[in-house]
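These are the residues of each chain, in order.
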Amino acid sequence: MRVAVAGCCHGELDKIYETLALAERRGAGPVDLLLCCGDFQAVRNEADLRCMAVPPKYRHMQTFYRYYSGEKKAPVLTVFIGGNHEASNHLQELPYGGWVAPNIYYLGLAGVVKYRGVRIGGISGIFKSHDYRKGHFECPPYNSSTIRSIYHVRNIEVYKLKQAMDKGQTAKATKFLALDKCLPHRDFLQVLEIEHDPSAPDYLEYDIEWLTILRDTNDLINVTGNLWNMPENNGLHTRWDYSATEEAMKEVLEKLNNDLRVPCNFSVTAACYDPGKPQAQVQLVHRINPQTTEFCAQLGITDINVRLQTAKQEHHLCGEYEEQDNVESNDSGEEQSEYNTDTSALSSINPDEIMLDEEEAEDDISYSDVNTPSVEPSSHQASDFSASFSDVRILPGSMIVSSDDTSGSSAGREGKADEAVELGDGKGLTEVPSKRLSEEHEPEQRKIKRRNHAIYAAVDDDNDAA
């Protein structure tokens, strides 16, 4: 099975699909599956643009809305995870995954699915330690803090994925693809040959073990900004092992009537962008997606967004992130540092931002510009783009991923029929260096040194006098 892997998409679906078509015309053969590893930017309209944590000048409509509206359809099954440049309000509708457009599937906050017997797992967002132990408390309309924290990975998602790993699984080397942005003359796409089960269906399937873990960990859902820890074997929890048992998986399978096929139940939940009638003041609404409603009802679990709306009405949790930053509760009982180690406020650069244009990295980021015009790329630019690629990287035989050398993947269990392909957003692995403090802070440091020097000099004078 030929699997294409793309790096940051930034909404450039037309260009990516054109490049795949170009590779096919050159004789390499059709691609069966496309995996996108973050910054997908499923932007439907102007309101979605305002929910992206990017400078206003980068808020371009791009081409996803054409696939959302039905004007176009993805020519190949596309599965993606979220990054830190996303229409977060759109992806928030699908915390457990779902279709953002026909033939384009989002894995959710964390998720595992199967395609032709190959197990695909991933987790969305980037890692930030100060939000890692919080619940999913954000909801639109976002403020200047929640527009960033919404895409920060939480411990509950990592905990659930760990339950899906085989006990006693031997760690082996895995392949890592360092892919670039979707720009001309950049290596943003690679094609892999993946072993698969020829007898497995050629449609997307739920992973029964993952569904069982979702059901069993449903009581761990937290929609507050309070810090909390996952259950562990420390004598404080009645249960800490949520790995799926055969009996539990059988019960879940019966709930689904022994049908693991992911239903093609995409539905439009927001008005689509119209290039002829741009609307800068599209209302931002916290929506409940019918796909999530159906999935939760079938599995018997909680829709996080329903819980959030209930909490918002009862306790007014949404929009209180600034207060929680000042006074955070710590359920673990650990002592908090009295010093503020977050220097993000000292810089005009978003600490979570991986700049889209290195030459303009010093530009300020503003989230208050709600009238930013949408820019639609011309069809001429799109056609020139694919023609500028002289090649699409195909891995040599020594780099082909087989079921043997991927069995150590953290995405889940492997075998000939259950091979794992792990999606990951590498942005969270390397922290962006903090911007150097401005010169206005240095005189204060020199004053401190001079005061200390004066104290020590006074002590020396006293000693001399004695």
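Residues numbered from 1 in each chain as written. Predicted model: local features only at pLDDT ≥ 70, side-chain atom pairs only at ≥ 80, totals over all residues. Heavy atoms only, no water.

- Where an unreviewed UniProt entry is consulted, the protein appears under the name Lariat debranching enzyme isoform X1, with the organism given as Heterocephalus glaber.

**Re the side chain of Asp216**
Inference 1: Considering the arrangement of structural elements, one finds Asp216 in helix α8 (residues 208–216).
Inference 2: For Asp216, a relative accessible area of 17% puts it in the buried group. (Helix = DSSP H or I, 4+ residues; strand = E, 2+ residues; numbered from the N terminus. Buried < 20%, exposed > 50% of the residue type's maximum accessible area, 1.4 Å probe, protein only.)

**Topic: empty space enclosed by the protein**
Inference 1: If you walk through the whole model with that rule in mind, you get 9 cavities of 30 Å³ or more.
Inference 2: Counted as a void, the largest cavity has a volume near 310 Å³.
Inference 3: Lining the largest cavity are 23 residues; nearest its centre among them are Gln92, Tyr106, Leu109, Ile150 and Tyr151.
Inference 4: For the lining of the largest cavity, the secondary structure elements donating two or more residues are α4 (88–92) and α11 (304–315).
Inference 5: Approximately 110 Å³ is the volume found for the second largest cavity.
Inference 6: Surrounding the second largest cavity, 14 residues form its lining, Tyr206, Pro263, Asn265, Gln291 and Phe295 being those nearest its centre.
Inference 7: Those elements that place two or more of their residues in the lining of the second largest cavity are β4 (98–101) and α10 (290–299). (1 Å grid on protein atoms, 1.4 Å probe; cavity = no way out; pocket = protein on both sides within 12 Å on 5 of 7 lines; lining within 4 Å. Points joined across faces, edges and corners; volume = space filled by probe spheres on them.)

**Here we look at the confidence of the model for the protein**
Inference 1: Averaged over every residue, the pLDDT of the protein is 75; residues scoring 70 or more account for 63%.
Inference 2: Long-range and interchain partners of residues 356–422, a stretch whose pLDDT sits below 50, account for 177 contacts in this model, where long-range means more than four residues apart.
Inference 3: Every residue in residues 424–466 scores below 50 in pLDDT, and together they form 31 contacts with partners more than four places removed in sequence or on other chains. (pLDDT = per-residue confidence, 0-100. Contact = heavy atoms within 4.5 Å.)

**Brief notes about the pairing of strand β8 (residues 189–193)**
Inference 1: The element β8 is extensively covered by neighbouring structure, given that 4 of its 5 residues are classed as buried.
Inference 2: Relative to β8, strand β1 (residues 2–6) runs antiparallel, the two being bridged by 5 bridges. From the neighbouring strand, Ala6 faces β8, where its bridge partner is Leu189. (Pairing = 2+ DSSP bridges.)

**Quick notes on unusual backbone geometry**
Inference 1: Here the residue pair Pro140 and Pro141 is connected by a cis peptide bond, since its omega of 0° sits within 30 degrees of zero.
Inference 2: Within the secondary structure layout, Pro141 lies in the loop between α5 (129–132) and α6 (146–149).
Inference 3: Not every positive phi belongs to a glycine, and Asp39 is a case in point at roughly 50°.
Inference 4: Within the secondary structure, Asp39 sits in the loop between β2 (33–37) and α2 (46–49).
Inference 5: Its identity as a non-glycine residue notwithstanding, Asn257 has a phi of 55°, on the positive side.

**Quick look at the packing of α8 against helix α9 (residues 246–255)**
Inference 1: At their nearest, the axes of α8 and α9 sit 9 Å apart, and the two run at 95° to each other. When the axis of α8 is compared with that of α9, the two are roughly perpendicular. Taken together, the residues of α9 that come into contact with α8 (itself represented by Ile208, Glu209, Leu211, Thr212, Arg215 and Asp216) are Ala248, Met249, Glu251, Val252, Leu253 and Lys255.
Inference 2: Of the residues that constitute the contact of α8 with α9, the class distribution is 6 nonpolar, 1 polar and 5 charged. (Axes fitted to C-alpha atoms, helices over the stretch in contact; angles between N-to-C directions. Parallel < 35°, antiparallel > 145°, perpendicular 65-115°, else oblique. Nonpolar A, V, L, I, M, F, W, Y, C, P; charged D, E, K, R; others polar.)

**Some words on the packing of aromatic side chains**
Inference 1: Considering all chains together, one arrives at 12 aromatic pairs under this definition.
Inference 2: Here Phe40 and Phe80 contribute two aromatic rings whose centre-to-centre distance is 3.9 Å and whose plane-to-plane angle is 10°, an arrangement assigned as stacked. With Phe40 in the loop between β2 and α2 and Phe80 in strand β3 (residues 77–81), this pair connects stretches of sequence that are 40 residues apart.
Inference 3: The exposure class of Phe80 is buried, given its relative accessible area of 0%.
Inference 4: Note on Tyr159 and Tyr242: the rings are 6.1 Å apart at their centroids and 70° apart in plane angle, and the pair reads as edge-to-face. Of this pair, Tyr159 sits in helix α7 (residues 155–163) while Tyr242 sits in the loop between α8 and α9, placing them 83 residues apart in sequence.
Inference 5: On the basis of relative accessibility, which here comes to 9%, the residue Tyr242 falls in the buried class.
Inference 6: A connected cluster of aromatic rings, assembled from ring pairs, spans Phe40, Phe64, Tyr68, Phe80, Tyr106 and Phe266.
Inference 7: The lysine or arginine in question, Arg261, covers the ring of Tyr203, its NZ or CZ lying 4.0 Å from the ring centre. (Phe/Tyr/Trp six-rings, centres within 6.5 Å; stacked < 30°, edge-to-face > 60°. Lys NZ or Arg CZ within 6 Å of the ring centre and 35° of its normal.)

**A word on helix α1 (residues 13–28)**
Inference 1: Taken together, the buried positions of α1 are Leu13, Asp14, Lys15, Ile16, Tyr17, Thr19, Leu20, Leu22 and Ala23.
Inference 2: Of the residues flanking the end of α1, it is Gly29, one or two places downstream, whose phi is positive at about 100°.

**Observations regarding the nonpolar core**
Inference 1: Counting residues in hydrophobic clusters, the biggest one holds 48 residues, and the most contacted among them are Leu33, Val79, Tyr96, Tyr105, Leu204, Leu211 and Phe295.
Inference 2: Considering every element that reaches this core, the biggest residue donor is α8, with 5 residues.
Inference 3: The residues touching Phe295, leaving out its near neighbours within four places in the chain, are Tyr96, Tyr206, Leu211, Leu214 and Ile301.
Inference 4: Counting 28 residues, the second-largest nonpolar core is a separate cluster that includes Leu34, Phe80, Leu94 and Val191. (Core = buried A, V, L, I, M, F, W, Y, C linked by side-chain atoms within 4.5 Å.)

**Details of the environment of Leu77**
Inference 1: Relative to the elements of secondary structure, Leu77 occurs in strand β3.
Inference 2: Residues Leu77 and Asn103, spaced 26 residues apart in sequence, show a C-alpha to C-alpha distance of 5.2 Å.
Inference 3: Ignoring any residue separated from it by four or fewer positions in sequence, one finds Leu77 in contact with Asp32, Leu33, Leu34, Trp99, Asn103, Tyr115 and Leu204.

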